[in-house]
Amino acid sequence: MTPYTTDDGAWMAWQFNRPHTGDGMVQAFRRRKSPFEAARFKLRGLDEGAMYAVRNLDAAGEVRMSGRDLEEQGLPVAIKDQPGAVILTYEKVNGAH
């Protein structure tokens, strides 16, 4: 989702998608000198007409977003710690938007 870099001011993220099961995960890393607390990452390989439940493994609850929004607008990710990391999972839920 981002190019590989060793820049201390960068974010890095990658997606593990399982289209046959309709789920996957995103790992995102904020490096120690990054001035940005949040970023958006465009996901790939989703069903644009489906809704997805997105969960942060470090927080309670979920957010529902359409596959189209996740691919076009991107998944919003916030990391307050420098350096910091987050794992988000997503899963297709019944019904289209």
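Our structure is the block above this text.
Residues numbered from 1 in each chain as written. Predicted model: local features only at pLDDT ≥ 70, side-chain atom pairs only at ≥ 80, totals over all residues. Heavy atoms only, no water.

A. View of the packing of aromatic side chains. Applying the stated criterion across every chain yields a total of 3 aromatic pairs. Between tryptophan 11 and phenylalanine 41, the ring centres sit 6.0 Å apart and the planes meet at 40°, which makes this aromatic pair tilted. Residue tryptophan 11 is located in strand 1 (residues 11-18), and its partner phenylalanine 41 is located in strand 3 (residues 38-41); the two are separated by 30 residues in the primary sequence. With a relative accessible area of 11%, tryptophan 11 lands in the buried category. Residue phenylalanine 41 is classed as buried on the basis of its relative accessible area of 6%. With a centroid separation of 5.2 Å and 45° between ring planes, the pair formed by tryptophan 14 and phenylalanine 29 is classed as tilted. Of this pair, tryptophan 14 sits in strand 1 while phenylalanine 29 sits in strand 2 (residues 23-30); the two residues are 15 residues apart in sequence, bridging distant segments of the chain. (Phe/Tyr/Trp six-rings, centres within 6.5 Å; stacked < 30°, edge-to-face > 60°. Helix = DSSP H or I, 4+ residues; strand = E, 2+ residues; numbered from the N terminus. Buried < 20%, exposed > 50% of the residue type's maximum accessible area, 1.4 Å probe, protein only.)

B. Representation of the nonpolar core. Judged by nonpolar contacts, the single largest core of 18 residues is most densely connected at Ala28, Leu43, Leu70, Leu75, Val77 and Tyr90. Residue assignment for this core shows that the elements contributing at least two residues are strand 1, strand 2, strand 4 (50-56), strand 6 (75-78) and strand 7 (84-96). (Core = buried A, V, L, I, M, F, W, Y, C linked by side-chain atoms within 4.5 Å.)

C. Main features of the side chain of arginine 30. Here arginine 30 is to be found in strand 2. Buried charge arginine 30 goes without a salt bridge, the closest partner of opposite sign being glutamate 37 at 4.9 Å. At a separation of 2.8 Å, a polar atom in the side chain of arginine 30 contacts the main-chain carbonyl oxygen of serine 34. When residues no more than four places from it in sequence are discounted, the contact partners of arginine 30 are Ala10, Trp11, Pro35, Phe36, Glu37, Ile79, Lys80, Asp81, Gln82, Pro83 and Gly84. (Lys, Arg positive; Asp, Glu negative; His and termini not counted. Salt bridge = Lys/Arg side-chain N within 4 Å of Asp/Glu carboxyl O. Polar contact = N/O pair within 3.5 Å; in protein donor to acceptor, adjacent residues only side chain to side chain. Contact = heavy atoms within 4.5 Å.)

D. Local environment of the environment of lysine 80. Inspection of the secondary structure puts lysine 80 in the loop between strand 6 and strand 7. Sequence spacing of lysine 80 and methionine 1 is 79 residues, and the spatial spacing of their C-alpha atoms is 20 Å. The residues touching lysine 80, leaving out its near neighbours within four places in the chain, are Arg30 and Glu37.

E. Structural view of the pattern of salt bridges. On inspection of all chains with the given rule, the structure shows 8 salt bridges. Among the salt bridges present, the one from glutamate 48 reaches arginine 68, with a minimum N-O distance of 3.5 Å. With glutamate 48 in the loop between strand 3 and strand 4 and arginine 68 in helix 1 (residues 67-72), this pair connects stretches of sequence that are 20 residues apart. The closest approach of N and O atoms between glutamate 62 and arginine 64, which form a salt bridge, is 2.8 Å. Accessibility expressed as a relative area gives 35% for glutamate 62, which makes it partly exposed. Residues joined by salt bridges that share partners form a network here, namely Arg55, Glu62, Arg64 and Glu91.

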